[in-house]
Amino acid sequence: MADFVLKVNGADMHVSAPPDESLLFVLRDRLNLTGTKYGCGEGQCGACTVLLDGQPARSCITPASGATGANITTIEGLEQNGQLSPVQQAFLEEGAFQCGYCTSGMVLSATALLRKTPHPTEEQIVAHMDGNICRCGTYPRIIDAVKRASQSPTKAGGQ
Ligand code: FES
Ligand code: FES
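Residues numbered from 1 in each chain as written. Chains lettered and ligands numbered in written order. Predicted model: local features only at pLDDT ≥ 70, side-chain atom pairs only at ≥ 80, totals over all residues. Heavy atoms only, no water.

> Give me the domain arrangement of the protein chain: which residues, what numbers.
For the protein chain, the domain assignment lists domain 1 (2–75) and domain 2 (86–150). Summarising the inter-unit geometry, the C-alpha centres of domain 1 and domain 2 are found 21 Å apart. Counting residues at the interface gives 18 residues for domain 1, matched by 14 residues for domain 2. Contact between domain 1 and domain 2 buries roughly 1200 Å² in total, counting both sides, with carbon and sulfur atoms accounting for 57%. In terms of surface lost to domain 2, no three residues of domain 1 exceed Thr-49, Leu-51 and Ile-75, which account for 38% of the buried area on that side. (Domains from an automatic or database assignment. Contact = heavy atoms within 4.5 Å. Buried area = accessible area lost by both parts, 1.4 Å probe.)

> Pulling in residues and values, what's your account of the packing of helix 2 (residues 86–94) against helix 5 (residues 139–150)?
Axes are the key here: two packed helices are described by the angle between their axes and the distance separating the axes. Between helix 2 and helix 5, the shortest axis-to-axis distance is 8 Å and the interhelical angle comes to 135 degrees. Between helix 2 and helix 5, the interaxial angle falls into the category oblique. Here helix 2 runs over helix 5; the crossing is right-handed. Taken together, the residues of helix 5 that come into contact with helix 2 (itself represented by Pro-86, Val-87, Ala-90, Phe-91, Glu-93 and Glu-94) are Arg-141, Ile-142, Asp-144, Ala-145, Val-146, Arg-148 and Ala-149. Residue classes in the contact of helix 2 with helix 5 are distributed as 8 nonpolar, no polar and 5 charged. (Axes fitted to C-alpha atoms, helices over the stretch in contact; angles between N-to-C directions. Helix = DSSP H or I, 4+ residues; strand = E, 2+ residues; numbered from the N terminus. Parallel < 35°, antiparallel > 145°, perpendicular 65-115°, else oblique. Left-handed = near helix turned anticlockwise from the far one by under 90°. Nonpolar A, V, L, I, M, F, W, Y, C, P; charged D, E, K, R; others polar.)

> Describe in detail the nonpolar core, supporting the description with residues and values.
Across soluble globular proteins, nonpolar side chains have a tendency to be buried as a group. Counting 23 residues, the largest nonpolar core has Val-87, Phe-91, Met-106, Ile-142 and Val-146 as the members making the most contacts within it. Looking at this core element by element, the count peaks at 7 residues for helix 3 (residues 103–116). Counting 17 residues, the second-largest nonpolar core is a separate cluster that includes Val-15, Leu-23, Val-50 and Ile-72. (Core = buried A, V, L, I, M, F, W, Y, C linked by side-chain atoms within 4.5 Å. Buried < 20%, exposed > 50% of the residue type's maximum accessible area, 1.4 Å probe, protein only.)

> Would you mind going over the layout of surface pockets in detail, with residue names and values included?
Taken as a whole, the second largest pocket holds about 170 Å³ of empty space. Around the second largest pocket sit Gly-39, Cys-45, Ala-47, Cys-99, Tyr-101, Cys-102, Ile-133, Cys-134, Arg-135 and Cys-136, which together line it. Each of domain 1 (2–75) and domain 2 (86–150) contributes no fewer than three residues to the lining of the second largest pocket. (1 Å grid on protein atoms, 1.4 Å probe; cavity = no way out; pocket = protein on both sides within 12 Å on 5 of 7 lines; lining within 4 Å. Points joined across faces, edges and corners; volume = space filled by probe spheres on them.)

> Lay out the sheet that holds strand 2 (residues 11–17) in plain terms, naming residues and giving numbers.
If you trace the 5 strands from one edge of the open sheet to the other, you get 2-1-5-3-4, paired in mixed fashion. Of all the strands in the sheet, just strand 2 and strand 4 (55–58) have a single pairing partner and so form its edges. Here the strands of the sheet are splayed against their neighbours by 45 degrees on average, with no regard to which way each runs. Examined bridge by bridge, strand 3 (residues 49–52) and strand 5 (residues 71–73) share 2 bridges and lie antiparallel to one another. Looking at the pairing, Leu-52 lines up with Ile-72 of strand 5. Together, strand 1 (2–8), strand 2, strand 3 and strand 5 form the strand contacts of helix 1 (residues 23–30), whose direction differs from that of strand 2 by roughly 100 degrees. Contacts from helix 3 reach strand 3, strand 4 and strand 5 within the one sheet, and its direction differs from that of strand 3 by about 35 degrees. (Pairing = 2+ DSSP bridges.)

So this is what it looks like as structure tokens:
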């Protein structure tokens, strides 16, 4: 076992885990942050996406001990003071989910996109979200949600 500290959603979290344990398992099983989902476990589906220093990362193939020093953002960290982030709100308003299993990964990927490219074209949205799989096929509504979030007046600093 290794003892280390992860900065998750702005808070320092003390973790004791095997050094090669994935960030996904540490988040879900040791820190009880179960919004991050386990899909394929092989870096292929995007269900486990979190942000590491603002960049989307597959937490299932990221060793947790390698994420020390990074600012880790999970789906639980997007809402502020009871207010959904603009991307979360837009997914809700567009009904951009069916089973919801892919949703936290989609929302975090979209959040990273809009921080970098506030007004993406549809082609840019599709290209950026390409690695996130939705088995329910709600892609058209997901794209609409990202477009809606890009037009949100409250998005500055809050994506
Ligand atoms: S569970 Fe990590 S990419 Fe599928
Ligand atoms: S809503 Fe079911 S996998 Fe995307």
